[in-house]
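A closer look at the structure
One-letter residues, chain by chain:
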Amino acid sequence: MSRTSLSRFLIEQTRARQTPAELRFLIEVVARACKMISHQVAKGALGGVLGSMGTENVQGEVQKKLDILSNEILLEANEWGGHLAAMASEEMEKAYQIPGKYPKGSYLLVFDPLDGSSNIDVNVSVGTIFSVLRCPDKNAAGGDLSEDAFLQPGTEQAAAGYAIYGPQTMLVLTLGDGVYGFTLDSEMGSFVLTHENMRIPETTAEFAINMSNMRHWEAPVKGYVDQMLAGETGELKKNYNMRWIASMVADVHRILTRGGVFMYPRDAREPEKPGKLRLLYEANPMSFIVEQAGGASTNGYQRILEVQPQSLHERIAVFLGSKEEVKRITQYHIDAQK
Ligand code: P6P
């Protein structure tokens, strides 16, 4: 039986929803760029692409050579197609304006070109995360598009996805009608549908958090993790397992595949920051995918997808995954406010 290619999926599975051709084209272009990034990541030391640039990005994080290369691959793949009004990236302080020689389109593309890049040099899975928004106003006829165009709540996303560069390269995608996984057939050079309608189990016995930050957490998080560590003798009457890959794409993919709860809470190290992860190109796309797979995603108090962004690179606390556990930790935060 021949498998369904990404192209065929985008035509057949989205026909009923009349997905605009421009959006289908956008997804195909991003998928092609992810194949190119996968190829560069896989070269490792042989490609001379490991290590750092010796520069920092707008986040104040050391930029790896592959961070910059991946960013450039996504910009070059998308700027000429006429499907985008502008782009934004973790690696660029300002929005990327489509060069005047190219036509503008109806969509905005926001991405983390290589998430988890601190894992690259130790050969652990990394990924690309992307979010697609509709451009509120191509106003841009002549001038630059205002960054305000990107400041839309996650509920406005037209599509979201990630590529994970692991033992297999996979593309996981939602267009608002379920979550679908495509595995890269490296012999054919194309993504083929291998995971239809991915669902997150409502309950779990596995949590993901960076335990080394425990002394910095707020009480609701500390109390919740203590309950899980107490195992079947504690209030939750269940033994829990823990995983932390320190690559959001890999941790979320595991949760999408077998359940779990992922937490990156705010902590006392930088109390002025609401969290470490970025809302527009990490939390929102992953939250869209998780909710479409039957899971939940909050900042401890409300759905992440309903948060109104105030700036391009703003950060947010993230609790996502199996619905039962996300509801529990969210309730603990709300109760702590009373
Ligand atoms: P820590 C990677 O840098 C990242 O943005 C996410 O992919 C990951 O979940 C998190 O940060 C890891 O953070 O503090 O554990 O290194």
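Since the model is a prediction, treat every value here as computed from it, not as a measurement.

Brief notes about the overall build of the chain
Looking only at helices and strands, the chain has seven helices and 17 strands in total. Compactness check: the chain gives a C-alpha radius of gyration of 20 Å against a globular reference of 20 Å for 338 residues, within 12% of the reference. For the C-alpha atoms alone, the extent of the chain along its principal axes is close to 65 × 50 × 45 Å. The buried share of the chain, reckoned over its 338 residues, is 56%. Counting only contacts in the chain whose residues sit at least 6 apart along the sequence, the fraction spanning at least 24 positions is 65%. Surface exposure of the chain reaches about 14,400 Å², of which carbon and sulfur atoms provide 49%. If you average the places of the 34 positive and of the 41 negative side-chain charges in the chain, the two averages end up 4 Å apart.

Here's the deal with the layout of surface pockets
Empty space within the largest pocket amounts to approximately 650 Å³. Lining the largest pocket are 34 residues; nearest its centre among them are Glu-61, Tyr-264, Lys-276, Leu-277 and Arg-278. Counting only elements with at least two residues in the lining of the largest pocket, the list comes to strand E2 (62-64), strand E5 (107-115), strand E13 (261-264) and strand E14 (277-278). Of the residues forming the lining of the largest pocket, the biggest block, three residues, is contributed by E5. Looking at the lining of the largest pocket residue by residue, the classes come out as nine nonpolar, nine polar and 16 charged. Taken together, domain 1 (6-195) and domain 2 (206-337) each give at least three residues to the lining of the largest pocket, which thus spans both. Taken as a whole, the second largest pocket holds about 280 Å³ of empty space. Lining the second largest pocket are 15 residues, and of these Val-41, Ala-42, Asn-123, Val-124 and Tyr-165 lie nearest its centre. Of the residues forming the lining of the second largest pocket, the biggest block, four residues, is contributed by helix H2 (residues 21-43). Its residues assigned to classes, the lining of the second largest pocket shows eight nonpolar, six polar and one charged.

The rules behind these values
Residues numbered from 1 in each chain as written. Predicted model: local features only at pLDDT ≥ 70, side-chain atom pairs only at ≥ 80, totals over all residues. Heavy atoms only, no water. Helix = DSSP H or I, 4+ residues; strand = E, 2+ residues; numbered from the N terminus. Rg over C-alpha atoms; globule rule 2.2 N^0.38 Å. Buried < 20%, exposed > 50% of the residue type's maximum accessible area, 1.4 Å probe, protein only. Contact = heavy atoms within 4.5 Å. Areas by Shrake-Rupley, 256 points an atom, 1.4 Å probe, with all protein chains shown as cover. Lys, Arg positive; Asp, Glu negative; His and termini not counted. Charge placed at Lys NZ, Arg CZ, Asp CG, Glu CD. 1 Å grid on protein atoms, 1.4 Å probe; cavity = no way out; pocket = protein on both sides within 12 Å on 5 of 7 lines; lining within 4 Å. Points joined across faces, edges and corners; volume = space filled by probe spheres on them. Nonpolar A, V, L, I, M, F, W, Y, C, P; charged D, E, K, R; others polar. Domains from an automatic or database assignment.

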